[in-house]
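Descriptive analysis of the structure
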Amino acid sequence: RRGIKMTSQKRKKDLGQSPTGKDEAHITVPSSTNALSHRKGAALPFRVAGMLVLAYLAALCGVFYVSFNKIREIGGEDIKIPRSLEDLQHLNEAMVNMKHTHMTLLLVFFCSLYIIKQSLCIPGSLWLNLWAGGLFGITYGYPLVCLLTAAGASSCYLISLLIGRRLVERYFPAKLQQLHTFIHSRSTPSSQGSSSLWMTLVFLRVVPFTPNWFLNLTAPILDVPFHYFWSSCLVGLAAYNFIGVQAGTVIGDIRSPEDILTTQNLLKLCGIAGVCLA
């Protein structure tokens, strides 16, 4: 009898229940990276996949370096990567005439710079959204920025999936656990669990106070499916990107970031985020 009782308790434990029959809430961060490296039937070994990601980044940096140097040869040596509003306005003025004769070069430079910033969690995407509005206008700049945002975030996702787990767990253990608890508390294990997970991810993107770089790093560690991650990034950041690109069309009239992220715009973003959780 004792052996039968121990076997029954073990089965209940495997099913996520306590020996008394009640569910237990175990919050543990899944080891998706380790699972990837030991997954049977994987198309590429773990180390080869990591080398491909590094090669992709190296190629992207090479494209950026060549295009940037070419732009400086054409527009002048004083052209630099924008780190402030003043740098951005100066860069936009220098590109006004160049975009009519070297649009392809500017497009390659802009896309490579945007994806590199997103992939390596380098701040400054707001300035690039503004520049997209001033350089390409809303018609072309807005869809371009949305696609680049999703592409850069996806690159960061893959990098974190392969080599980012130890860094995140070492330097952000508390924030990682908080995000894990929030996502899984909102994602019910019902037939609508997938939908609620996606809406939760969209909410985290829309709300203006959530650091997107941290979501990009932690999503693969929390076993967020890639298609949920990519699509929620594309949809969730659409409103934020639109605000930046729209403001960039009158970039010369902007005096500070407060002119972009006004109280009215922040309230709009919070309202959209509230709808996502409703």
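One structure accompanies this document, and this report is about it.

So, on to unusual backbone geometry. Generally, phi is negative for residues other than glycine and the peptide bonds are trans, each holding for most cases. Phi at C121 is positive, roughly 60°, even though this residue is not glycine. Relative to the elements of secondary structure, C121 occurs in the loop between α5 (103-119) and α6 (125-171). Even without being glycine, D223 reaches a positive phi, approximately 60°. Residue position: D223 is located in the loop between α9 (212-218) and α10 (226-236).

Next up on the list: a nonpolar patch on the surface. On the surface, a cluster of nonpolar side chains totalling about 360 Å² of accessible area is made up of L147, L158, F226 and W230. Of all elements in the fold, only α6 and α10 reach the threshold of two or more residues within the nonpolar patch. By secondary structure assignment, the location of W230 is in helix α10.

This part is about the packing of aromatic side chains. Summed over the entire model, instances satisfying the criterion amount to 14 aromatic pairs. Taking the centre distance of 5.9 Å and the plane angle of 70° together, the rings of F109 and W131 count as edge-to-face. Separated by 22 residues along the polypeptide, F109 in helix α5 and W131 in helix α6 bring together distant segments of the chain. Neither F109 nor W131 differs from the other in exposure class; each is buried. When the centroid spacing of 5.3 Å and the interplanar angle of 70° are considered together, the rings of Y157 and F226 count as edge-to-face. Residue Y157 is found in helix α6, and its partner F226 is found in helix α10; the two are separated by 69 residues along the sequence. When its relative accessible area of 7% is taken as the criterion, Y157 is described as buried.

Here we come to the pattern of salt bridges. Counted under the stated rule, the structure contains two salt bridges. A salt bridge links K80 to D87; the nearest nitrogen and oxygen atoms lie 3.6 Å apart. A relative accessible area of 17% means that D87 is categorised as buried. The closest approach of N and O atoms between E169 and R165, which form a salt bridge, is 2.8 Å. One end of the pair is E169 and the other is R165, both in helix α6 and four residues apart, which spans about a single turn. Note on E169: relative accessible area 32%, which makes it partly exposed. The class of R165 is buried, set by a relative accessible area of 10%.

Rules used in this analysis
- Residues numbered from 1 in each chain as written.
- Predicted model: local features only at pLDDT ≥ 70, side-chain atom pairs only at ≥ 80, totals over all residues.
- Heavy atoms only, no water.
- Helix = DSSP H or I, 4+ residues; strand = E, 2+ residues; numbered from the N terminus.
- Patch = residues over 30% accessible without salt bridge, like charges linked within 9 Å, V, L, I, M, F, W, Y side chains within 5 Å.
- Areas by Shrake-Rupley, 256 points an atom, 1.4 Å probe, with all protein chains shown as cover.
- Salt bridge = Lys/Arg side-chain N within 4 Å of Asp/Glu carboxyl O.
- Phe/Tyr/Trp six-rings, centres within 6.5 Å; stacked < 30°, edge-to-face > 60°.
- Buried < 20%, exposed > 50% of the residue type's maximum accessible area, 1.4 Å probe, protein only.

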